[in-house]
Amino acid sequence: MSGFALFTTVLFNIMILLCLCSSEEDYNSNTTFPFVTSSQTFPWNKMRLPDNVIPVFYDLLIRPNLTSLDFTGIVKIMVEVKKDTHAIVLHSKNLKIIGSQIENAIHGNLHVLEYPVFEQIALLSGELLKAGRRYVVSLKYAANLSESFHGFYKSIYRTTKGELRVLAATQFEPTAARMAFPCFDEPAFKANFSIKIIRGIHHIAVSNMPKIKSIELGEGLIEDHFDVTVKMSTYLVAFIVSDFVSVSRKTDHGVKVSVYANPEKIDQAYFALEAAVKLLDFYEDYFNIPYPLPKQDLFAVPDFQSGAMENWGLTTYRESALLFNPKISSASDKLGITMIIAHELAHQWFGNLVTMEWWNDLWLNEGFAKFMEFVSVNVTNPELQVEDYFLGKCFEAMEVDALNSSHPVSTPVENPAQILEMFDDVSYEKGACILNMLRDFLTPEAFKLGIVRYLRRHSYGNTRNEDLWRSLTNVCDSDEQDEAHFQENEFCSNSQKKSSAAKWYMQDELNVKEIMDTWTLQEGFPLITVTVQGREVHLHQERYLKSSDPTHVTRFLWHVPLTYITSSSNTVHRFLLKTKTDVLFLPEAVEWVKFNAGMNGYYIVHYEGTGWDGLVKLLKKNHTTLSSNDRASLINNAFQLVSIGKLPLEKALDLTLYLRNEREIMPVFQGLNELIPIYKLMEKRNMTDVENLMKKYIVNLFQDLIDKQSWTNDGSVSERLLRSSLLMFACVRQYKPCVEKAQSLFQNWKESGGNMSLPSDIALAVYSIGAQDPEGWDFLFEKYQQSLFSSVKSQIKIALCISRQTKKLKWLMEQSLQGDVVKTQDLPYVVVFVSKNPSGYKHAWEFLRTNWAQLVKKFDLGSNSIAHMVTGVTNQYSTKEMLEEIKLFFKSLGDNGSQLRCVHQALETIEENIRWMDKYFENITAWLKQNVL
């Protein structure tokens, strides 16, 4: 560059910066800007985009090449200038910009500056772009199809004849639309999109909207034009080019629903089609807001990192999350597929129609969708008995939320890794659980009216927490958006009768925001200590925290919607606890009191004094006096209290003795969930004798129930899920009758060449026994490769991972990383399953440590896949040596992982495991010797 050119470039940049500084309130005279070259500064220095220019309309043309695995694109963005500027800053990642201009300005050329650190580009104009005017920016670019699972990426599958087929699919949430086209890649920058795709004659293209025309370009190419989308965020844009086929049906409301799959698997698409039609109709009726698009496609992508994605009008899924064969798929497959479809279709309203303003409030999308899974499936598919499983979601969230490293439901985030970390149990499960608690608090009728008001008020817009609370306050006060709807509602027409229940018998006006801010703006959850003194019930709240530092619990205060039943009344009584301590009065003295009736509240309870004794006695005498959820919550709460020294371990173990008589799925599952991890900790310390005693106790506890299980698919969904879990547990624990039956069935299946039909609910137990010898493992792996059924592949994969053959376990993880035989999308699950195996946990940790750089490149720093591996591989370690080894490794990573929340969670969990074992090992040894014959 000549001296004059250098001078003019620097002068040009200074002029632009001065213009930006004078028009941007965020800037002041000492603001510094990053250098992009030795002579050029980038005209923006924040991770979030400026709001001086906003997008209005995108016209996007994409041409993927499935042979060379790259693509080209042209995007024309109509923007509206809000403040005078010389620069338009937007997102672009790994895109080569090869042409740029502004179409309706005097000086049409744009100078492009790139700042990869923030994944941003700046389009510099030679003339001032005036506030109030609209301009059209045109950018031509090229890129490779992504090798990860984000952006516009390559996916492959093999036909039964061994042919390799390639397709190109998108996954943009949360920050990957910028990998497919330059854009304003933040959820609040909503716009309309016109999408055109060039593809070969042997492929099809699908996008958010229906195809309106196709143009033959010659040389075997076709350009498909799709209808203009509704106003939406960039992360919801989607397009796929493939050779897939579809089946279709219309809903009662006239929406065309289609399921797309690999041609050889399309016969597995009908269950999802029927479920989607039923669920879409339910949501239209429930929200009383029409689904705004003419079609809804569900697409089974062969390579997909998460379970599914809610792209508006084109939801995408893992094959295992969408495809179902009634003869082969299990009860858990049926339940799981229905719930995932319910989740993604709920997003068409919560997330797509109304979108959080920024990723700090991701829970407004995900917590609602998770919650609506249960509401919708409970009505549309009552036979699935989904109410049995909601409780487990709350316990999962509490495991994370009990750590110092947890975070508030609404948490400030900025960079892509931090945003990815928000897709965790706190946003999903805790979000759903506090919504369920709020519905129980307000009454289902009032809650429904409030969320419908929220959707109507903010359609095609963006929201924050307070917008939801405002919509849920005084729901019977109509406004211009919902006046007719509320007036016709029976709840509101009888509001005088209903209002006391809705406000929990309080005289003061209900302040939903004041209550719910305590649940969304601070991390953790409350421990309620209950002390009964005659008719007085003394209450005290504090944060439940698994930490040796008590200073972390004092500043927390929640507004807790308490519920309780007593020995003299099974009516659910209610009390809103707003202070650290309070007292409520019973009409008479009682033998026992049980708080958190039905476990609708997101808190745990400690019964001080003789409170636990009365409940343990009740469970032993007549456990069905309490609901199955109440029994499960008592089991969970007891062991959580042991962890923080509030309850003797012996008392929690005494409580589990009643499980010999338990038959309901949730208490049994919770008993297993509390007891199995104890011997898992012992495994990591080589405490074989006590470990075996613990295993024997658990088998003895459930032996009668195990023996009663048939090796069939008979019964309700809950009975089938219980059967599958119990038989799997019994066989892996070497319970002789179970092992002998499974060995016999596996031998018969193997001799039939794998053609004999095994009941799907017991197949996992059978495969797991078969995988223990090398010949059986090899046969299973052969069948894994040949199977077209995701459910079969999933069961075999788990069985392969719990084999005791260490060489094969290591080989399986390596194959998953390569992605040829076992897909890389399955790698996180393979590694975690191997880590639960006594013969594999050391190898799983070694694999994670050795391949960290490759894993982060494939799955992205901060992703749920990385978090799943980090916490899953380490959460059963209980020695100081392993704690130091893991701590040193992650410390050595620097910015490539040491700061991740999942790393802090992993280290906290190991520290807690060490404390638990050091404190209670002798106690549990003594108790087991007394109680195990």
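Note that the coordinates shown come from a computational prediction; the quantities given were computed from them, not determined experimentally.

Q: With reference to specific residues and values, describe the overall build of the chain.
A: In terms of helices and strands, the chain carries 30 helices and 28 strands. In terms of overall size, the chain behaves like a compact globule, its C-alpha atoms giving a radius of gyration of 29 Å where 933 residues would be expected to give roughly 30 Å. In terms of overall dimensions, the chain has a C-alpha envelope of 90 × 75 × 60 Å along the principal axes. Classification of the 933 residues of the chain by burial places 61% in the buried group.

Q: How would you sum up the sheet that holds strand S10 (residues 192-200)? Please name residues and give values.
A: The strand order across the open sheet formed by seven strands is S4-S7-S2-S1-S10-S13-S12, and the pairing between neighbours is mixed. Lying at the two open borders of the sheet, with one neighbouring strand each, are strand S4 (96-102) and strand S12 (211-218). Across the sheet, the axes of successive neighbouring strands diverge by a mean angle of 15 degrees, strand direction being ignored. Direction of pairing for strand S1 (residues 53-65) relative to S10: parallel, over a ladder of six bridges. Within S10, the position partnered with isoleucine 62 by the bridge is isoleucine 197.

Q: Pulling in residues and values, what's your account of the pairing of strand S15 (residues 245-250)?
A: Residues in a regular strand project their side chains so that they alternate between the two faces of the sheet. Inspection of the sheet shows S15 paired to strand S16 (residues 256-261) by six bridges, in the antiparallel sense. Looking at the pairing, serine 248 lines up with serine 258 of S16. Between the end of S15 and the start of S16, which pair antiparallel, lie five residues, with glycine 254 showing a positive phi angle near 90 degrees.

Q: With reference to specific residues and values, describe the sheet that holds strand S28 (residues 604-607).
A: In a beta sheet, neighbouring strands pair by backbone hydrogen bonds and run either parallel or antiparallel. Across the sheet, four strands lie side by side as S26-S23-S22-S28; this open sheet has mixed pairing. A single partner strand is all that each edge strand has here, and the edge strands are strand S26 (581-585) and S28. Put simply, the sheet's adjacent strands are angled 25 degrees from each other on average, direction ignored. Helix H15 (residues 628-643) contacts strand S22 (526-533) and S28 of the sheet and is inclined by roughly 75 degrees relative to S28.

Q: Provide a residue-level description of the state of the cysteines, including the pertinent values.
A: One pass over the structure, following the stated rule, counts two disulfides. A sulfur-sulfur separation of 2.0 Å characterises the disulfide bridge that pairs cysteine 394 with cysteine 433. The disulfide joining cysteine 394 to cysteine 433 has a torsion of about -110 degrees about its S-S bond and is therefore left-handed. With cysteine 394 in helix H5 (residues 390-401) and cysteine 433 in helix H7 (residues 426-442), this pair connects stretches of sequence that are 39 residues apart. Given the relative accessible area of 4%, cysteine 394 is considered buried. Disulfide pairing places cysteine 731 opposite cysteine 738 at an S-S distance of 2.2 Å. Taking the sign of the S-S torsion, about -85 degrees here, the bridge from cysteine 731 to cysteine 738 comes out left-handed. On the accessibility criterion, cysteine 738 (3% relative accessible area) is buried. Between cysteine 801, a cysteine without a disulfide, and cysteine 731, which holds the nearest cysteine sulfur, the sulfur-to-sulfur distance is 18 Å. Overall, cysteine 801 belongs to the buried group, its relative accessible area being 0%.

Q: Describe the packing of helix H17 (residues 665-683) against helix H30 (residues 901-931), naming the residues involved and giving the relevant values.
A: Orientation of H17 relative to H30, taken along the N-to-C sense of each, is 100 degrees, at an axis distance of 11 Å. One element, H17, and the other, H30, form an angle in the roughly perpendicular class. In this structure, H17 contributes Ile678, Leu681 and Met682 to the contact, and H30 contributes Asn913, Trp916, Met917 and Ile924.

Q: Give me the lowdown on helix H14 (residues 611-622), citing residues and values where you can.
A: Over its twelve residues, H14 runs 17 Å from end to end, which matches the ideal 16 Å to within 8%, given 1.5 Å per residue. Among the structural elements, strand S27 (593-595), S28, H15 and helix H16 (649-656) are those in contact with the buried residues of H14.

Q: Let's hear about the packing of aromatic side chains: which residues, and what values?
A: In this description, a pair of aromatic rings is defined by centroid distance and the angle of the planes. Evaluation of the coordinates by the stated rule reveals 56 aromatic pairs. Judged by centre distance (5.7 Å) and plane angle (15 degrees), the ring pair of phenylalanine 556 and tryptophan 558 falls under stacked. Put simply, the rings of Phe282, Tyr283, Tyr286, Phe287, Tyr291, Trp349, Phe350, Phe368 and Tyr454 touch in pairs and so form one group of aromatic residues.

Q: Break down the pairing of S22 for me, citing the residues and quoting the values.
A: Of all eight residues that make up S22, six are buried, and the element is covered over most of its length. Where S22 lies against strand S23 (residues 536-543), eight bridges are found, and the strand directions are antiparallel. From the neighbouring strand, glutamine 533 faces S23, where its bridge partner is glutamate 536. Turn length for the S22-S23 hairpin, with the two strands adjacent in sequence and antiparallel, is two residues, and the turn residue glycine 534 shows positive phi of about 65 degrees. Relative to S28, S22 runs parallel, the two being bridged by four bridges. Bridge assignment links leucine 527 to a residue of S28, and that residue is isoleucine 604.

Q: For the nonpolar core, give the residues involved together with the corresponding values.
A: Counting residues in each nonpolar core, the largest one holds 319 residues, and the members touching the most others are Phe181, Ile341, Phe595 and Trp852. Setting aside its immediate chain neighbours within four residues, tryptophan 852 contacts Leu861, Ile866, Val870, Phe889, Phe890, Leu893, Asn896, Gly897 and Leu900.

Q: Talk me through helix H4 (residues 363-380); I want residue IDs and the actual numbers.
A: Taking 1.5 Å per residue, 18 residues should reach 26 Å; H4 reaches 24 Å between its end C-alpha atoms and fits that length. Taking burial as the measure, the 18 residues of H4 include 16 buried ones, the bulk of the element.

Q: Summarise the pattern of salt bridges; cite the residues concerned and give the values.
A: For the structure shown, the criterion picks out 49 salt bridges. The partner of lysine 797 in a salt bridge is aspartate 826, with the nearest N and O atoms 3.5 Å apart. One end of the pair, lysine 797, is in helix H23 (residues 790-801); the other, aspartate 826, is in the loop between helix H24 (806-818) and helix H25 (827-835), and 29 residues separate them in sequence. A residue is classified by how much of its surface remains accessible, and lysine 797, at 11% relative accessible area, is buried. Aspartate 826 gets classed as buried once you look at its relative accessible area, which sits at 8%. In this structure, glutamate 846 and arginine 849 form a salt bridge, with 2.4 Å as the shortest nitrogen-oxygen distance. Taken together, the residues glutamate 846 and arginine 849, both in helix H26 (residues 841-850) and three residues apart, mark about one turn of the helix. On the basis of relative accessible area, glutamate 846 is assigned to the partly exposed category, the value being 36%. Given a relative accessible area of 27%, arginine 849 falls into the partly exposed group. Sharing partners across several salt bridges, the network here consists of Lys680, Glu683, Lys684, Glu691 and Lys695.

Q: I'd love a proper account of unusual backbone geometry, names of residues and values included.
A: Note: most peptide bonds trans; most residues except glycine with negative phi. At the junction of glutamate 173 and proline 174, the peptide bond is cis and its omega measures out at 0 degrees in the coordinates. Note that proline 174 resides in the loop between strand S9 (164-171) and S10. In this structure, asparagine 596 takes a positive phi of about 60 degrees despite not being glycine. Here asparagine 596 is to be found in the loop between S27 and S28. With a phi close to 55 degrees, methionine 599 is a non-glycine residue in the positive phi region. Inspection of the secondary structure assignment puts methionine 599 in the loop between S27 and S28. With a relative accessible area of 3%, methionine 599 lands in the buried category.

Q: Quick one: what's the story with the packing of helix H3 (residues 331-347) against helix H19 (residues 717-732), residue by residue and with numbers?
A: The geometry of H3 relative to H19 is characterised by a closest axis approach of 8 Å and an angle of 120 degrees between their N-to-C directions. If you check the angle between H3 and H19, you find them oblique. Packed against H3, whose contacting residues are Ala331, Ser332 and Leu335, the element H19 presents Val717, Arg720 and Leu721 at the interface. Of the residues in the contact of H3 with H19, the class split is four nonpolar, one polar and one charged.

Q: Account for the environment of valine 932, naming residues and giving values.
A: Structurally, valine 932 can be placed in the segment after H30. Of the residues examined, valine 932 reaches a relative accessible area of 11% and is grouped as buried. In this structure valine 932 touches Leu693, Lys696, Tyr697 and Asn700, once residues within four positions along its chain are discounted.

Q: If you had to explain the side chain of serine 790 to someone new, which residues and values would you point to?
A: Position of serine 790 relative to the elements: it lies in helix H23. Those residues in contact with serine 790, other than ones at most four positions away along the chain, are Gln268, Glu319 and Ser320.

Q: Please give an account of the confidence of the model for the chain that cites residues and values.
A: Residue-level pLDDT values for the chain average 92, and 92% of them are 70 or greater. With pLDDT under 50 throughout, residues 1-30 is counted as low confidence; its partners more than four residues away or in other chains account for 45 contacts. A low-confidence stretch, residues 496-507 (pLDDT under 50), is modelled with 23 contacts involving residues beyond four sequence positions or located in other chains.

How each quantity is defined
Residues numbered from 1 in each chain as written. Predicted model: local features only at pLDDT ≥ 70, side-chain atom pairs only at ≥ 80, totals over all residues. Heavy atoms only, no water. Helix = DSSP H or I, 4+ residues; strand = E, 2+ residues; numbered from the N terminus. Rg over C-alpha atoms; globule rule 2.2 N^0.38 Å. Buried < 20%, exposed > 50% of the residue type's maximum accessible area, 1.4 Å probe, protein only. Pairing = 2+ DSSP bridges. Axes fitted to C-alpha atoms, helices over the stretch in contact; angles between N-to-C directions. Contact = heavy atoms within 4.5 Å. Disulfide = S-S within 2.5 Å. Parallel < 35°, antiparallel > 145°, perpendicular 65-115°, else oblique. Expected span 1.5 Å × (residues − 1). Phe/Tyr/Trp six-rings, centres within 6.5 Å; stacked < 30°, edge-to-face > 60°. Core = buried A, V, L, I, M, F, W, Y, C linked by side-chain atoms within 4.5 Å. Salt bridge = Lys/Arg side-chain N within 4 Å of Asp/Glu carboxyl O. Nonpolar A, V, L, I, M, F, W, Y, C, P; charged D, E, K, R; others polar. pLDDT = per-residue confidence, 0-100.

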